[in-house]
Amino acid sequence: GVYILTRAGTAHPAWTPETVVRGRRLGAFVAPPSSEAPTAVVHTPPAELRAGEPFTLRADVVSQAPVDSVVLFVRRVGGRGRMSRLSMETAGAFAYHVQVPAERMREGLIEYAVSVYEAGEARTFPGPELGDPYRWDFTGRRFWQVPVVPAGALVLLFDGRRDLEHVLYPHPWDYVRFQTDVVIGSEPDRLALSAVVEDFTPSPHHFALRTFLPETQRTRLGEAGPEDALRIRVRSAGRATDRMELALVERDGTAWGTVVELTDSWRELVVPLSELRRTPLALLPRPYPQFLPYLWESAAQHAGPQLAELDGLQFSVGADLFPDAQLEDAHGFQIERVVLDLQR
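This write-up is about the structure you can find in this document. Nothing here was measured: the structure is a model prediction, and the numbers come from that model. (Residues numbered from 1 in each chain as written. Predicted model: local features only at pLDDT ≥ 70, side-chain atom pairs only at ≥ 80, totals over all residues. Heavy atoms only, no water.)

1. Some words on the pairing of strand E9 (residues 95-100)
Each regular strand shows side chains that alternate between the opposite faces of the sheet. One ladder, built from six bridges, connects strand E5 (residues 55-62) with E9; its direction is antiparallel. Within the sheet, the bridge partner assigned to Arg58 lies in E9 and is His97. The sheet contact formed by strand E8 (residues 89-90) and E9 spans two bridges and is antiparallel. Following the sheet pairing, Glu89 is matched in E9 by His97. What sits between E8 and E9 in their antiparallel hairpin is a turn of four residues, with Gly92 showing a positive phi close to 100°. (Pairing = 2+ DSSP bridges. Helix = DSSP H or I, 4+ residues; strand = E, 2+ residues; numbered from the N terminus.)

Here it is as structure tokens:
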């Protein structure tokens, strides 16, 4: 819009949208050029699905004008026969959805594609490829693929290779002196996130890393209960023994953590969810100005972690974990993976 700024107490003309100033109407509007991009399907597949449960697939079909129809083609990888054809329904604006029945969600690997029909022509995504999978001359080979796992399968919360882009690091200025790296894990094909604090004497005498879970990795968190446990693949970084705190961070910032003991050998530690206790959340990368609190305590009232609300993990070490004589020493950890064991 157009805004007229005038000094208080001064006379000014009675401006209207039709008033002409320097050859232009004040109310004139010049629209940006319209987009000429082709129709596209926007969809990110979930990390995994649970066997025996219906799956609601959602996708955005972005187009210049309303399309004629949208269809999901789905099948099991390794199966025979044609793909199942399911018509998708509109869900507002560009959104479409359809439910894949539970009987088609058997353990294994499924693959699927979305075909968009407009102006007498079909294009299939994620290609896009001309035509649809029911045409004899369809040559598309690109499909979305999702594992279908049994009830009680481990839920991967952090992996050193998968989640490198999902880590929040502290700002290095006015902080403890630290180094982070990515190193080879317990096996040649695995990676681990490594962090070493050179000493804890500078403020805030604490170091933390945070990870977050994208929506596509949250599909099975609601299965967790208080009887379940975390399995943590971890070791110390450069010391024979060390300590660190691992915490689950919920969407409202409530953190539930426990201190684990480390050695310089890779070990899988099992931590029951019932052993987690309230712990402060480090505000990363760092509050500014620096006099603002660095650690934050949640006021939430629930008695234990709510895995359905899990936002990510916090890995931390602080001066309170060590005697005064060790505060000027280096301390660190290398963490390869954290999984949720549903104990079923």
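2. Thoughts on unusual backbone geometry
Cis geometry marks the peptide bond from Gly127 to Pro128; its omega dihedral reads -5°. One can find Pro128 in the loop between strand E11 (121-125) and strand E12 (129-130). In this structure, the amide linkage connecting Leu284 to the following residue, Pro285, adopts the cis form with an omega of 5°. Relative to the helices and strands, Pro285 resides in the loop between strand E24 (281-282) and strand E25 (295-296). Phi at Ala93 is positive, roughly 55°, even though this residue is not glycine. Assignment of secondary structure puts Ala93 in the loop between E8 and E9. Positive phi, close to 50°, is recorded for Asp174, a residue that is not glycine.

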